Amino acid sequence: KKILSMEQIKKRYNGEWVLIADYETDDLSRIKRGRVVAHGKDQRKVYGQLGKHQKINLATRYIGDVPKDLTVILAECYRGFATTKSPLILVFWLCI
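Keep in mind that what you see is a predicted model, and the values were worked out from it rather than measured.

### Thoughts on the overall build of the chain
- Tallying secondary structure elements over the chain gives 2 helices and 6 strands in all.
- Taken across its 96 residues, the chain has 23% of its residues classed as buried.
- Of the contacts made within the chain by residues no fewer than 6 positions apart, 48% connect residues no fewer than 24 positions apart.

Next up, the structure:
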């Protein structure tokens, strides 16, 4: 599968969840381009593809307008910088 710009991804996969591999980001950590390895309207099915793609940089995104009746929880993962054995910290943001 070829590398697509985020604009191409938005046009091609509007209204779907996408799993993007080998992505590049800009200075604000927004995805600029990447390779869509899974997509679909069912979030669970797209997330189910995570194990099939053993890539370090994988991202999931919903492409399109988020439905008004949807509650979104965003999670950020942090690992300490001192060692790779530092604990993994999850921070959740509830957006309603």
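### Some words on the pattern of salt bridges
- Using the criterion set out here, one finds 5 salt bridges in the structure.
- Residues Lys10 and Glu7 are paired through a salt bridge, measuring 4.0 Å at the closest nitrogen-oxygen approach. Of the two residues, Lys10 and Glu7 both sit in helix H1 (residues 6-12), 3 residues apart, roughly one turn of that helix.
- In this structure, Asp42 engages Arg44 in a salt bridge whose closest nitrogen and oxygen atoms are separated by 3.6 Å.
- The exposed category is assigned to Arg44, whose relative accessible area is 67%.

### Things to note about unusual backbone geometry
- In this structure, Asp22 takes a positive phi of about 50° despite not being glycine.
- Positioned with a positive phi, Ser29 is a non-glycine residue whose angle comes to about 65°.
- Its location among the elements puts Ser29 in the loop between strand S2 (16-25) and strand S3 (31-40).
- For Ser29, a relative accessible area of 55% gives the class exposed.

### Brief notes about the nonpolar core
- If you look at the biggest cluster of nonpolar residues, it comprises 10 residues: Leu4, Met6, Ile9, Tyr13, Val18, Ile20, Ile31, Val36, Ala59 and Ile63.
- If sequence neighbours within four positions are ignored, Ile20 has contacts with Met6, Ile9, Ile31, Gly34, Arg35, Val36, Asn57, Leu58, Ala59 and Arg61.

### Examining the packing of aromatic side chains
- For the structure on display, the rule yields 2 aromatic pairs.
- Between the aromatic rings of Trp17 and Tyr47, the centroid separation amounts to 6.2 Å while the plane-to-plane angle is 80°, which identifies the pairing as edge-to-face. Pair noted here: Trp17 is in strand S2 and Tyr47 is in helix H2 (residues 43-47), with a separation of 30 residues, a long-range link.
- Trp17 sits in the buried class, given a relative accessible area of 17%.
- Taken together, the aromatic side chains of Trp17, Tyr47 and Tyr62 make up a single cluster linked through ring pairs.

### Focus on the sheet that holds S2
- Taken in spatial order, the 4 strands of this open sheet run S1-S3-S2-S4, and their pairing is antiparallel. In this open sheet, the two edge strands, each paired with only one partner strand, are strand S1 (4-5) and strand S4 (58-63).
- Of the strand pairs in this sheet, S2 and S3 are connected by 7 bridges, and their pairing is antiparallel. The residue of S3 that forms the bridge with Trp17 is Gly40.

About the criteria used
- Residues numbered from 1 in each chain as written.
- Predicted model: local features only at pLDDT ≥ 70, side-chain atom pairs only at ≥ 80, totals over all residues.
- Heavy atoms only, no water.
- Helix = DSSP H or I, 4+ residues; strand = E, 2+ residues; numbered from the N terminus.
- Buried < 20%, exposed > 50% of the residue type's maximum accessible area, 1.4 Å probe, protein only.
- Contact = heavy atoms within 4.5 Å.
- Salt bridge = Lys/Arg side-chain N within 4 Å of Asp/Glu carboxyl O.
- Core = buried A, V, L, I, M, F, W, Y, C linked by side-chain atoms within 4.5 Å.
- Phe/Tyr/Trp six-rings, centres within 6.5 Å; stacked < 30°, edge-to-face > 60°.
- Pairing = 2+ DSSP bridges.

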